[in-house]
Amino acid sequence: MEQSNKRTLIFTMSSLLLLMIGLILAVRLGSVSIAFRDIWDSIFNYSETLELMLVRDVRIPRALSVLLTGGILGVTGSMIQGVTRNPIAEPSILGVSQGATLVIAIFYAMGIAVNTTNVMIAALIGAIITGILVLGFISNKASRNSMTKILLAGTAMSTFFISLTTVIGLLTNQSQMIGFWVSGGFRNASWADFGLVFVVGVVGLILAILLSPRINLLNLGDDVAIGLGQNPERIRFLTLALMIPMCAAAVAVGKNIAFVGLIVPQIVRKLLGEDYRKNIPCSFLLGAVLLTYADLAARLLLDPYEMPIGIFTALIGIPFFISIARKEKG
């Protein structure tokens, strides 16, 4: 136990250090390099100069939005893998993120004003619809299915939703805007976006930590959970109900970002074991770190042009996906 706590402490401190360095780099670097003095003044001695406005109104809200979105994706991936006992499960692979993206595309096609509130509503509707379908796949009856069947069902939904999204973009002459959503990114992140992921992310993280002892029991098997007086179906429902607004907020702010929820819980479990009381908060930290550095790469590699952040999460996530899928026996 003492060794486990020591590993958790080292992991936490290392993640916080990497996150702090990443935030500083995210604010300083870009098409215009910002001095430390300007960063300080933008927070404590603000005036309407170009550099200070760039820091305060563009780079800081973006960096914080990326951090919280990465944390949300890490937590939701950890939760869904825990309740399904499926190391490949994550919101984008099961189609939840793509369902949210589809409804956002429908909102664009209908000419509904694009703002943080409307995008969140659209993402929430899509996530709820997809979440209900996912709940059918991970229910008690469906849990007897193999990992491969759940994966195939999720992949089919993801492909179907993205195909519909692409068709809507072509028919409504919104291909460029919808393509931006499908590939993911934080180009227009604002303080309103930060406020959304802050509220949803912090509340969701607290509730996920409170739910983590039940996820631990379910991760041991339905029979064990029932024997200890827990209802597996209720735990799955509560977990998915918590995931839906978290996924919706992540899609509303960061668009369709895949694989973070797959990669992060895998690494955390390898390092810290199967205790979700530790894994969930640590997945939040590592998800924040991963997405912060992925966003830095997206911004800087082809500066002054910005690449889709999904390219970088996919470059890391696809090898994980293939490696785990090859181990599947049934």
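Residues numbered from 1 in each chain as written. Predicted model: local features only at pLDDT ≥ 70, side-chain atom pairs only at ≥ 80, totals over all residues. Heavy atoms only, no water.

Undergrad: If you had to explain the environment of Ile106 to someone new, which residues and values would you point to?
TA: Within the secondary structure, Ile106 is located in helix α4 (residues 96-109). Taking the relative accessible area as the measure of exposure, Ile106 reaches 33% and is therefore partly exposed. In this structure, the C-alpha to C-alpha distance between Ile106 and Leu164, residues 58 residues apart in sequence, is 9.6 Å. (Helix = DSSP H or I, 4+ residues; strand = E, 2+ residues; numbered from the N terminus. Buried < 20%, exposed > 50% of the residue type's maximum accessible area, 1.4 Å probe, protein only.)

Undergrad: Just give me the short version of the packing of helix α8 (residues 191-219) against helix α10 (residues 232-254), but keep the residues and values in it.
TA: α10 packs onto α8 with a crossing angle of 160 degrees between their chain directions and a minimal axis gap of 9 Å. Classed by the angle they form, the pair α8 and α10 counts as roughly antiparallel. Of the two possible hands of crossing, α8 and α10 adopt the one that is left-handed. In contact with Asp193, Leu196, Val197, Val200, Gly204, Leu205, Leu207, Ala208, Leu211, Arg214, Ile215 and Leu218 of α8, α10 contributes Pro232, Arg234, Ile235, Arg236, Leu238, Thr239, Leu242, Pro245, Met246, Ala249, Ala252 and Val253. Looking at the contact of α8 with α10 residue by residue, the classes come out as 18 nonpolar, two polar and four charged. (Axes fitted to C-alpha atoms, helices over the stretch in contact; angles between N-to-C directions. Parallel < 35°, antiparallel > 145°, perpendicular 65-115°, else oblique. Left-handed = near helix turned anticlockwise from the far one by under 90°. Contact = heavy atoms within 4.5 Å. Nonpolar A, V, L, I, M, F, W, Y, C, P; charged D, E, K, R; others polar.)

Undergrad: Explain the side chain of Arg59 residue by residue, including any values.
TA: As for its placement among the helices and strands, Arg59 is situated in helix α3 (residues 50-84). Reaching out from Arg59, the side chain makes a polar contact with the backbone oxygen of Val27 at a distance of 3.0 Å. Setting aside residues up to four positions removed in sequence, Arg59 forms contacts with Ala26, Val27, Arg28, Leu29, Gly30, Ser31, Val32, Ile34, Leu54 and Arg299. (Polar contact = N/O pair within 3.5 Å; in protein donor to acceptor, adjacent residues only side chain to side chain.)

Undergrad: Describe the environment of Gly204, and please don't skip the residues or the numbers.
TA: Relative to the helices and strands, Gly204 is located in helix α8. Sequence separation between Gly204 and Arg214 is ten residues; the distance between their C-alpha atoms is 16 Å.

Undergrad: Can you tell me about the pattern of salt bridges, naming the residues and giving the values?
TA: A side chain of one charge can pair with a side chain of the opposite charge when the charged atoms of the two come close. Scanning the model with the defined rule gives six salt bridges in all. Across the pair Glu274 and Arg269 runs a salt bridge, and its minimum N-O distance is 3.9 Å. Glu274 gets classed as partly exposed once you look at its relative accessible area, which sits at 45%. Residue classification places Arg269 among the buried residues on the basis of a relative accessible area of 14%. One salt bridge in this structure joins Arg277 and Asp275, with 2.9 Å as the shortest N-O distance. Through salt bridges with shared partners, a single network forms among Arg62, Asp295 and Glu306. (Salt bridge = Lys/Arg side-chain N within 4 Å of Asp/Glu carboxyl O.)

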